Amino acid sequence: MAEIIRAIKGTQDVLPQDVHKWQFLEGEMLKTAELYGYKEIRIPVFEHTEVFSRGVGDTTDVVQKEMYTFLDKGERSITLRPEFTAGVMRSAIENGLVNGALPVKVCYIGGCYRYEKPQAGRLREFHQFGIECIGASAPGADAEAIALAEHVLSNIGIKNLSLQINSIGCKECRKKYHAALKEYFAQKESELCATCLERLNKNPMRILDCKSPVCSKIAADAPIMLDYLCEDCSEHFEQVKNHLNAAGLEFTVNPHIVRGLDYYTKTVFEFVSSDIGAQSTVCGGGRYDGLVAELGGPSVECVGFAMGLERLMLTAEAQGADFPEPKTCDVYFASLGEKATLMATKLCTNLKREGFAALSDINARGLKPQMRYANKIGAKFTCVLGDDEASSGKIRIKNMADGTETTVLAENIVPEFYKIINGYALDNLANAVL
Ligand code: ATP
Ligand code: MG
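Rules of the game
Residues numbered from 1 in each chain as written. Chains lettered and ligands numbered in written order. Predicted model: local features only at pLDDT ≥ 70, side-chain atom pairs only at ≥ 80, totals over all residues. Heavy atoms only, no water. Near = heavy atom within 4 Å. Polar contact = N/O pair within 3.5 Å; in protein donor to acceptor, adjacent residues only side chain to side chain. Helix = DSSP H or I, 4+ residues; strand = E, 2+ residues; numbered from the N terminus. Nonpolar A, V, L, I, M, F, W, Y, C, P; charged D, E, K, R; others polar. Axes fitted to C-alpha atoms, helices over the stretch in contact; angles between N-to-C directions. Left-handed = near helix turned anticlockwise from the far one by under 90°. Contact = heavy atoms within 4.5 Å. Domains from an automatic or database assignment. Pairing = 2+ DSSP bridges.

## A closer look at the site of ligand 1
(1) Moving on: Around ligand 1, the structure places 15 residues, and the nearest of them are Arg114, Glu116, Arg122, Leu123 and Arg259.
(2) Moving on: Taking Gln128, its side chain carries an N or O atom lying 3.1 Å from an oxygen atom of ligand 1.
(3) Moving on: Of all the secondary-structure elements, those providing two or more residues to the shell around ligand 1 are strand S6 (125-134), strand S10 (281-288) and strand S11 (302-308).
(4) Moving on: With three residues, the top contributor of residues to the shell around ligand 1 is S10.
(5) Moving on: For the shell around ligand 1, the class distribution of residues is five nonpolar, four polar and six charged.

## Some words on the packing of helix H12 (residues 338-353) against helix H15 (residues 413-422)
(1) Moving on: Two numbers describe how H12 lies on H15: the axes approach to 10 Å, and their chain directions differ by 60 degrees. Seen from above, H12 lies across H15 with right-handed handedness. Touching Leu347, Asn350 and Leu351 of H12 are Ile413, Val414 and Phe417, all from H15.
(2) Moving on: Per-class residue counts for the contact of H12 with H15 are five nonpolar, one polar and no charged.

## Observations regarding the domain arrangement of the chain
How big an interface is tends to be stated in terms of the accessible area lost upon association of its parts.
(1) Moving on: In terms of domains, the chain is made up of domain 1 (3-170 + 230-318) and domain 2 (331-429).
(2) Moving on: Relative to domain 2, the C-alpha centre of domain 1 lies at a distance of 47 Å.

## Points about the sheet that holds strand S3 (residues 69-71)
(1) Moving on: Pairing within the open sheet is antiparallel, and its three strands lie in the order S2-S4-S3. Here the strands that pair on one side only, and so sit at the sheet edges, are strand S2 (46-48) and S3. Sheet twist, expressed as the mean angle between neighbouring strand axes with direction ignored, is 35 degrees.
(2) Moving on: As defined by bridge partners, S3 adjoins strand S4 (residues 77-80) across three bridges and the pair is classed as antiparallel. Within S4, the residue paired with Phe70 across the bridge is Ile78.

Structure (structure tokens):
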């Protein structure tokens, strides 16, 4: 036998028995976002590398260490998206979304790719749901985005999350802060990791996000941005807090949150779970007022967030969350003989057109294996068809939960099945709708 091929390290399959959980999460996310005026946007999995080096920032961990970048056959540098925001902004600029009535509200779900050390809650292919509110600068926009994140998390049943917020100011007030950070980290230069040494001159704020234990320990005592906010940023942050209070959202101010991507300005926030160990941030986001201009578009202020589906799934499972039951087979027709098999095909076709999950044998197997299969797939009802049923047109439908049987005419299968499965006749159903 040929050797089997395994999935790439850091990727995972979602198998058919689990997919309903993912569909539930995704469905709730899109439905909730719709309530806040968001429409889904779908963008390519790969982009010109520049979208991310310019957008995410070339001193970030994501760009320096984690991107899947390659030359295609035309020698172009291509990168698999490590996140969506930069690509969504590329699309919003290219397609003129940023020039129309603002805000434009878009959301997305899809795979992201980062070359990281795989561990629980950290994969090389993972999935994000996120939103971008394009063209809204007032603090109410930040609070609305945070409220949407909270609403999604609560609709999917995630508990025990803490919301932590911070402000990392604007370009202007950050100048003074950068100077203070440089001075602080310069004193510890000998202890910093090689990457952070490089960052010291280029972008000292990135040191605050370094994952190395030594650097993060040094970063814990570094000056904090909140002490350096300009009047405008400070007022904006106060207003965000007021709006969060008005929306009834509990939060804590955590001055150490800086987020790992360069485009953030002013508000940044995270939802953190206490139930999934080290990779505990299930959602991160913030304001990014400079990104659209950085990517060649007009000056348009935005706010957004992204949540990791795998981390949400881990949290939900750690909390023993209840997922809605997946759809199973409504009725399985087992058949023996050509006439009965054709009858099964006809009955199934009619029922499926009415929206019932009706299956029949497609392996030309004996009755026993057919019934075993019906059991295995959890058919709610079964019906055995043979020569007798084919000639009399009378069939017996068995309720697999309690063993009761109902005899019906095959030609009336659709209204009869409504009666059987829903407990009332098609006529009543039609009346009820009227
Ligand atoms: P972390 O600090 O955990 O590396 P990050 O700051 O890199 O996260 P973002 O880029 O803001 O994360 O992505 C938003 C969300 O996407 C994270 O909060 C997390 O839920 C999820 N996420 C990020 N990287 C991964 C990964 N490698 N595997 C699984 N989920 C991830
Ligand atoms: Mg990261």
